[in-house]
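Analysis of the macromolecular model
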Amino acid sequence: MGLREEKKRQTRTLLADTATALFAEHGFERVTVAEVARAAGVAVNTVFNYFPTKEDLFFDRQEEVVARLALVVRERPPGTSPVDAVRAELLAGLDATEPTYGLDPRAAAFWRTIEDSPALRTRLLDLGERAEEALAGALAEEAGTPPGDPLPRLVAGALAGAHRAALAEVRRGMVAGEPVDAVRTRVVAAVTAAFGLLAAGLDDWPGRAGGRTARHGSTHGAARSE
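For the structure given in this document, a descriptive report is provided here. Just so we're clear, the structure is a prediction, and the values are computed from it rather than from any experiment. (Residues numbered from 1 in each chain as written. Predicted model: local features only at pLDDT ≥ 70, side-chain atom pairs only at ≥ 80, totals over all residues. Heavy atoms only, no water.)

1. Describing the environment of phenylalanine 110
As a reminder of what qualifies: In this description a helix means any DSSP run of H or I spanning at least four residues, a strand means any run of E spanning at least two, and both kinds are numbered starting from the N terminus. Exposure categories follow from relative accessible area, calculated using a 1.4 Å probe and restricted to protein chains: below 20% of the type maximum is buried, above 50% is exposed, and the middle band is partly exposed.
Secondary-structure assignment places phenylalanine 110 in helix H7 (residues 108-115). On the basis of relative accessibility, which here comes to 25%, the residue phenylalanine 110 falls in the partly exposed class. For the pair phenylalanine 110 and phenylalanine 58, spaced 52 residues apart in the sequence, the C-alpha separation amounts to 9.0 Å.

2. Section: the environment of alanine 108
Quick reminder of the rule: Only heavy atoms matter for contacts: two residues are in contact if any of them lie within 4.5 Å across the pair.
Mapped onto the elements of the fold, alanine 108 is located in helix H7. Setting aside residues no more than four positions away along its own chain, alanine 108 makes contact with Met174 and Val175.

3. Structural notes on the packing of helix H6 (residues 82-96) against helix H9 (residues 151-175)
The relative placement of two packed helices is expressed as an angle between their axes plus a distance between the axes. Condition: The convention used is that axes are lines fitted to C-alpha atoms, helices contributing only their stretch in contact, and that angles between N-to-C directions extend from 0 to 180 degrees. By definition in this entry, angles of less than 35 degrees are roughly parallel, angles greater than 145 are roughly antiparallel, angles of 65 to 115 are roughly perpendicular, and the rest are oblique. Take the far helix as your reference; a near helix turned counterclockwise from it by less than a right angle gives a left-handed crossing, and one turned clockwise gives a right-handed crossing. Three classes are used, and their members are as follows: Ala, Val, Leu, Ile, Met, Phe, Trp, Tyr, Cys and Pro are nonpolar, Asp, Glu, Lys and Arg are charged, and the others, Gly among them, are polar.
The interhelical angle for the contact between H6 and H9, taken along N-to-C directions, is 15°, at an axis separation of 10 Å. Here H9 runs roughly parallel to H6, going by the angle between their axes. In the packing of H6 onto H9, the handedness of the crossing is right-handed. Along its contact with H6, which presents Pro82, Val83, Val86, Glu89, Leu90 and Leu94, the element H9 presents Leu159, His163, Ala166, Leu167 and Val170. Considering only residue class, the contact of H6 with H9 consists of nine nonpolar, one polar and one charged.

Encoded structure:
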């Protein structure tokens, strides 16, 4: 990374960290972008150069979150189904305390800030919908389904929905002040059971080759007959 890129990364991190601290202390709606800029020692225009909206300041890793499940499916190892891949990614993130999963006592303030803000709750729902849409695109691309076929969207809804529900359980546990290990144990058990149920019906769709090279027939009957 060049010096210019590193400086931009540092500025972006400074702005996001400063904003998050202010939002947690005062509430999202009560903090202005001008106040964030002043606390970070930059001009207001500088903030908007990095983050077009105030919500973007709070969800500074949103693009990573939106793309995650689609990337997991596209880059999964050969012989792994999409269900297996999403389950493995989720369990690994819970085990390694992936920062965007919020399985950390310090994340309680982050989650409370969302719960107290209608704007942030709306953005969180939007991020979930965008992640699901990206996953549906990856599944449709791999399965070779015709345009307009709803099956990839329905499968993406099942997988992304289970993923979101697991993280919602993490959020509830952290906000309630539960020990991290207790929350992790409970959520891991639920994820294992839920994805086991999903695997019973989805494990062979759209196939286990993995990656962009896998292609299958576009009819639902072909998927059922495999």
